[in-house]
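What follows is the residue order along each chain.
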Amino acid sequence: MPSRQEHLATALQHAENFAPLAAPPQAPQRRVLGDVVAGLSIAGLLLPEAVAYAGIASLPPQAGLIALLCGLVVYALLGTSRFAIVSATSSSAAVLFATVLSEPGTNGATALTMAAALIIAAGVLFILAGLARLGGMSDFIARPVLRGFTFGLALTIAIKQLPKILSVAVHHSDTPRVALDLLGSAGSANRYSTALGAVALVLLFGLGRWGRIPATLVVIVLAIAMGYGVDWHAYGIAVVGQIDLQNVSFSVPSLGRAQWMQSAELGFALMLILYAESYGSIRNFALKHGDSMSANRDLVALGCANLLSGLLHGMPVGAGYSATSANEAAGAQSRLAGLCAAAVVALIVWLFLPQLARIPEPVLAAIVIFAVSHSLHPGVFKPYWTWHRDRLVVIAALLAVLVLGVLHGLLAAIGVSLLLTLRQLSEPNVSVLGRLRDSHDFVDVSLHADAKPLPGVLIVRPEVPLFFANTERVLGKVRAMLQQPHDVPLRTIMLSLEETPDVDGSAIEALRIFAAECAARGLQLTLVRLKPRALAALLRATDETLRPAMLHELSVDECVQSLAAGG
């Protein structure tokens, strides 16, 4: 038979096979060349998307360019991921529009000021969260919520880009009524605008099948070139228009205290969405390549990028998955790729700003639809149907975004997720334990036919942590078990609280009342397998009914042996 050393060697070999592989060392010149090539490649993707995302947020096109440059430069200097590309994203643009720019009765200047305040507030909150070491806060949004939210957001964005392609007017901002407006006005669509958008979509999806071809850049160049021979306005096709980078100012919006408080409230929601999206991208590629990461440092980096973008009246920024994936595929080796991309974008803007202003709106709308299309795969929902888990949460998140809007939809989906979790935890699931044959193991008698309860002893285990919402219901079920007939009169009841890491005030009060009831019935109560924090809390709450001798961190078997010995 193999020796213990041989088993250990085999296990180590398997562990090495499954360990993440770090990138092999390369010469400095080769790494720099890879970053330069990657920067050149992704600049062609990021530039038209930045202008398009500004359109989603109803901001002037220069806001997207400012955000792109701020995100690329600041994260490259302060962030930790060598692949993450921080720029304006479709989700941040949609959230910004939903929270500020879609308010009825808000004029353009006020909306721009409020948008800048919101982005600044989000940036400050990012920095404070990083300094407070709250890097794990994105875990408060369940993955099914993110899946449904992302799908619903992508569908919302795609639907709201169709009026630009069809060149029709819509009279509402919520997605269902925008879809109805589109159906009602489809007959009056501009056929030239529709044809241009359709051709752009065909080219984008056709060229997009080859990952190394910058499809968006090719389409933008073709559209600009066509503009020299075609008067878009003569065919009723709108263009981007003037991109004003001459009057960019660095300033803090002049707002009252109430408006800043409102910006901080909305900024928290924006920060949570941006960080959930960014953290997912950064973490996925770090795990894939075996890289280290610092969530708190990334919080500060994202905060500084958003703060600078807001002060320059840009857009909110985050690490989008599609841009980060494109950066990795282009051969990036370090954060230098982001700086190279920023330099290329700045050079293009400096040399070709008038040409960028000639981009037709239907082409930008097609680029947006192409950018969000990777999130419109129904296959992301399949695992939840296969696992029979979180199906209601996914559907609720999707429908909430479509019906209630981006921000309220996300908050509603989080609320549904938390309510379902509380409902599950509040279920009074209690198992009766018995000894498994002649072993020292005590298991659920309903699941193991050869497990037998001990005569005169009722051993029960709540299968959920005890807290304010379920303690009374759990103990109510235990009381019902005490009322049932037993072959041997009960003398002792044991509560195995192994599933409860800590207890709150409601649970402590309920346990003290239950201890008094047991004493009145002449039953000996014992709480076993107490976790350290729960034991410490209960020891501080002991009285004449809930005595210290009743509290044990020992196993069920050890307490049974002590009981048999008269301990």
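Not measured: the values here are computed from a predicted model.

Quick notes on the rules
- Residues numbered from 1 in each chain as written.
- Predicted model: local features only at pLDDT ≥ 70, side-chain atom pairs only at ≥ 80, totals over all residues.
- Heavy atoms only, no water.
- Helix = DSSP H or I, 4+ residues; strand = E, 2+ residues; numbered from the N terminus.
- Buried < 20%, exposed > 50% of the residue type's maximum accessible area, 1.4 Å probe, protein only.
- Areas by Shrake-Rupley, 256 points an atom, 1.4 Å probe, with all protein chains shown as cover.
- Salt bridge = Lys/Arg side-chain N within 4 Å of Asp/Glu carboxyl O.
- Disulfide = S-S within 2.5 Å.
- UniProt positions renumbered as here; feature names shortened; annotations may be inferred.
- Arc of directions from axis to C-beta.
- Phe/Tyr/Trp six-rings, centres within 6.5 Å; stacked < 30°, edge-to-face > 60°.
- Lys NZ or Arg CZ within 6 Å of the ring centre and 35° of its normal.
- Patch = residues over 30% accessible without salt bridge, like charges linked within 9 Å, V, L, I, M, F, W, Y side chains within 5 Å.
- Contact = heavy atoms within 4.5 Å.

### Comments concerning the overall build of the chain
Of the regular secondary structure elements, the chain holds 21 helices and 8 strands. With the principal axes as the frame, the chain shows a C-alpha extent of 100 × 65 × 45 Å. Per-residue burial over the chain gives 47% buried out of 567 residues. Total accessible area on the chain is roughly 27600 Å²; 62% of this is exposed by carbon and sulfur atoms.

### Topic: the pattern of salt bridges
Side chains carrying opposite charge are able to pair once their charged atoms draw close together. Summed over the entire model, instances satisfying the criterion amount to 10 salt bridges. Among the ionic pairs, E463 bridges to R461, the shortest N-O distance being 2.9 Å. Overall, the relative accessible area of 29% leaves E463 in the partly exposed class. Taking the relative accessible area as the measure of exposure, R461 reaches 14% and is therefore buried. Residue E498 is joined to R461 by a salt bridge in which the shortest nitrogen-to-oxygen separation is 3.9 Å.

### Quick look at the state of the cysteines
Throughout the structure, instances matching the rule amount to 0 disulfides. In this model C304 remains outside any disulfide bridge; the closest cysteine sulfur is found in C70, 11 Å from its own. Unpaired in this structure, C559 has its nearest cysteine sulfur neighbour in C518, at a distance of 16 Å. Its relative accessible area of 7% is what places C559 among the buried residues.

### Examining the UniProt feature "domain: STAS" (unreviewed entry) in the chain
Look at the UniProt record and you will see "domain: STAS" (unreviewed entry) annotated at residues 447-563. With 39% helix and 15% strand, residues 447-563 has its two end C-alpha atoms placed 25 Å apart.

### Quick word on helix α20 (residues 532-540)
Taken as a whole, α20 has its buried residues at A534, L535, A537 and L538. Looking straight down α20, one finds that the buried residues subtend no more than 165° of arc, so they occupy a single side. α20 presents P532, R533 and R540 as exposed residues on the side facing more than 90 degrees away from its buried surface.

### Here we look at the packing of aromatic side chains
Here the structure, examined in full by the defined rule, presents 8 aromatic pairs. Seen in terms of ring centroids, F126 and Y275 are 6.4 Å apart; in terms of plane orientation they differ by 70°. Their pairing is edge-to-face. Here Y275 lies in helix α10 (residues 257-289) and F126 lies in helix α5 (residues 108-131), a separation of 149 residues in the sequence. Here Y275 falls in the buried class, since its relative accessible area comes to 1%. Consider the rings of F151 and F381, whose centres lie 5.1 Å apart with planes at 55°: the pair is tilted. Taken together, the residues F151 in helix α6 (residues 143-166) and F381 in the loop between α14 (361-372) and α15 (382-387) connect sequence positions 230 residues apart. For the pair F151 and F381, one class covers both residues: buried. Every member of this aromatic cluster is reached through a ring pair, and the members are F126, Y275 and Y279. Residue placement shows R358 over the ring face of Y228; its charged tip is 4.5 Å from the ring centre.

### Looking at a nonpolar patch on the surface
Taken together, V32, V36, L40, V73, L77, L78, L336 and L339 make up a surface patch of nonpolar side chains, about 590 Å² in accessible area. Breaking the nonpolar patch down by element, the ones donating at least two residues are α2 (28-56), α3 (61-78) and α13 (336-356).

### Section: unusual backbone geometry
The backbone of R133 sits at a positive phi, close to 60°, despite the residue not being glycine. Of note, R437 is a non-glycine position whose phi angle comes to about 50°, a positive value. For R437, the location among the structural elements is in the loop between β3 (430-436) and β4 (442-444). Classification of R437 by relative accessible area gives exposed; the value is 55%.

### Section: the side chain of N296
Among the structural elements, N296 can be located in helix α11 (residues 295-311). Given a relative accessible area of 15%, N296 falls into the buried group. In this view, N296 contacts A129, G130, R133, L134 and G135; residues no more than four positions away in its chain are not counted.

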